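# Chain and residue survey
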Amino acid sequence: QVQLVESGGGLVQPGGSLRLSCAASGTIYMLDDMGWYRQVPGKQRELVATITYGGTANYAESVKGRFSISRENAKKTMYLQMNNLQPEDTAVYYCHAVVRETYYNYDSDYWGQGTQVTISS
């Protein structure tokens, strides 16, 4: 099994910054595509950003120019640098990864437990 653990959430004022981390552990042959998603009560979970193993990133239109996704494959860790945060960014942020656990396995999807990000004055 695989565990994804997010960290770095918290409370910041509008215009502030946070960096989220997602550390993967367990039986991992290959971490394939990873991504950050966010969800607020009463809303669908939405994609924030994704990144391939090789570092190709894409972003939701709402965060382009403000957020930056990255990963360090040797550490099995993914990051989300969030700048110029706005109240609309308030949500629980979830880490997602497509994982091949062994050479003989098919890919499986895993989610972290989420970390709260709150932007308020």
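Throughout what follows, the structure given in this document is the object of discussion. Note that the structure is a prediction, hence the values are computed from the model and not measured.

### With respect to the sheet that holds strand E7 (residues 67–72)
In a beta sheet, neighbouring strands pair by backbone hydrogen bonds and run either parallel or antiparallel. Pairing within the open sheet is antiparallel, and its four strands lie in the order E1-E3-E8-E7. The sheet is open, and its two edges are formed by strand E1 (2–7) and E7, each paired on a single side. Taking each pair of neighbouring strands and ignoring which way they run, the sheet shows an average axis angle of 15°. Both strand E3 (residues 18–26) and strand E8 (residues 77–82) contribute to a ladder of six bridges, which runs antiparallel. Across the sheet, residue Leu18 finds its bridge partner in E8, namely Met82.

### Structural notes on the pattern of salt bridges
Evaluation of the coordinates by the stated rule reveals five salt bridges. Salt-bridge contacts for Asp89 lead to Arg66; the nearest nitrogen and oxygen are separated by 2.8 Å. With a gap of 23 residues between them, Asp89 in the loop between E8 and strand E9 (91–100) and Arg66 in the loop between strand E6 (57–59) and E7 connect regions that are remote in the sequence. Take Asp89 and Arg66: they sit in the same class, and that class is buried. One connected set of salt bridges, linked through shared partners, spans Arg38, Glu46, Arg66 and Asp89.

### Let's talk about the state of the cysteines
In the structure shown here, the tally under the stated rule is one disulfide. The disulfide bridge from Cys22 ends at Cys95, spanning 1.9 Å between sulfur atoms. The chirality of the disulfide connecting Cys22 with Cys95 is left-handed, given an S-S dihedral of about -70°. Here Cys22 is found in strand E3, whereas its partner Cys95 is found in strand E9, with 73 residues between them in sequence. A relative accessible area of 0% places Cys22 in the buried class. The class of Cys95 is buried, set by a relative accessible area of 0%.

Criteria and thresholds
Residues numbered from 1 in each chain as written. Predicted model: local features only at pLDDT ≥ 70, side-chain atom pairs only at ≥ 80, totals over all residues. Heavy atoms only, no water. Pairing = 2+ DSSP bridges. Helix = DSSP H or I, 4+ residues; strand = E, 2+ residues; numbered from the N terminus. Axes fitted to C-alpha atoms, helices over the stretch in contact; angles between N-to-C directions. Salt bridge = Lys/Arg side-chain N within 4 Å of Asp/Glu carboxyl O. Buried < 20%, exposed > 50% of the residue type's maximum accessible area, 1.4 Å probe, protein only. Disulfide = S-S within 2.5 Å.

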